[in-house]
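What the coordinates show
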Amino acid sequence: MAEQRPQGGAGRTPADSAPCRIVVCRDCCCGSPKVTGVDHAQQKARLAENAPVRVSACLDVCEQANVIVVQPSRAGRVAGARPVWLGLVNDPAATDDIAAWVQAGGPGIAPCPDILDLYAFTPRRRAR
C-alpha cells in the first residue's frame, strides 16, 4: 500500500489547503469616505492577518456599508457551511471578532460568536 502524503505542503492536510476567504466590499459606499470614522485600510489589513482577503466592487447592499463576506474553508463547505454576510462592520472590535472567528476556523468549523449575529444579514437574491 502506498504512503499517502498531505497535500499543500509539509504537515498540511487537503482541508488546510483552502482556508476561509474574506471578501470586503470597497466601492461606492463601503470603504469610502461616506462611511466615516473607519480606517478602511487598517480593517482590510487586520482581516488579511488571518485569511486571504479579496476586494470586491459594489456588492449591491449599500445600506449595509461596510460589508464583509466570510467564505468557508474547504472543510467548512464539506460541513455544509455557506458564506456569511456581515454588514455595518464599522467598529474595530467587530473586525477583531471576525478575525478571531476566521482564525478559529470560520463558518462550519467554529461557532460564530454571538456578537457577530448583530452584523449578519441575508442579502437580496440579486446581490448573492
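Below: a short report on this structure. Since we're looking at a predicted model, the values are computed, not measured.

Glancing now at the overall build of the protein. Counting its regular elements, the protein contains three helices and four strands. For the protein, the sequential pattern of α-helices and β-strands runs β-α-β-β-α-β-α. The buried share among the 128 residues of the protein stands at 40%. In the protein, once contacts between residues fewer than 6 apart in sequence are set aside, the share between residues at least 24 apart is 68%. Here the protein displays about 7500 Å² of accessible surface, and carbon together with sulfur accounts for 52% of that area.

Let us now look at helix 3 (residues 92–104). With 13 residues, helix 3 ought to run about 18 Å at 1.5 Å a step, and its terminal C-alpha atoms sit 18 Å apart, in line with that. Those residues of helix 3 lying buried are Ala-94, Thr-95, Ile-98, Ala-99, Trp-101 and Val-102. Each buried residue of helix 3 sits inside an arc of 160 degrees when the element is viewed along its axis, so together they form one side. Opposite the buried face of helix 3, by more than 90 degrees, sit the exposed residues Pro-92 and Gln-103. For helix 3, the elements touching its buried residues are strand 1 (21–25), helix 1 (40–48), strand 3 (68–71) and strand 4 (84–86). One side-chain oxygen at the N-terminal end of helix 3 lies 2.6 Å from the backbone nitrogen of Ala-93; it belongs to Asp-91. The first or second residue beyond helix 3 is Gly-105, which carries a positive phi of 130 degrees.

We now examine the sheet that holds strand 4. Pairing is mixed in the open sheet, where four strands are placed in the order 2-1-3-4. The sheet terminates laterally at strand 2 (53–56) and strand 4, the two strands that pair on one side only. Averaged over all neighbouring strand pairs, the angle between strand axes comes to 20 degrees, with direction disregarded. Pairing analysis gives four bridges linking strand 1 to strand 3, with the strands arranged antiparallel. Across the sheet, Val-23 pairs through a bridge with Val-69, a residue of strand 3.

The rules we used
Throughout, residues of each chain are indexed from 1 in the direction in which the sequence is written. Totals for whole chains, interfaces and linings use all residues, but because this is a predicted model, local features are given only for residues with pLDDT of at least 70 and pairs of side-chain atoms are given and counted only at 80 or more. The side-chain values count all of the structure's non-hydrogen atoms but skip hydrogen atoms and water molecules. Strands here are runs of E lasting at least two residues and helices are runs of H or I lasting at least four, both read from the DSSP assignment and numbered beginning at the N terminus. Burial status follows relative accessibility: with a 1.4 Å probe on protein chains alone, a residue under 20% of its type maximum counts as buried, one over 50% as exposed, and anything between as partly exposed. Here, two residues are considered to be in contact whenever any of their heavy atoms come within 4.5 Å of each other. Under the convention used here, a 1.4 Å probe and the Shrake-Rupley method define accessible areas, while residue burial counts only the protein chains that appear. To estimate how far a helix should extend, the number of its residues minus one is multiplied by 1.5 Å. Here, the arc refers to the directions that run from the helix axis to the C-beta atoms. Any pair of N or O atoms that falls within 3.5 Å is considered a polar contact. Within protein, one atom must be able to donate a hydrogen and the other to accept it, and sequence-neighbouring residues count only if both atoms are side-chain atoms. Strands were regarded as paired on the criterion that DSSP finds at least two bridges between them. In this analysis an axis means a line fitted to C-alpha atoms, helices contributing only their contacting stretch, and an angle means the value between N-to-C directions, from 0 to 180 degrees.

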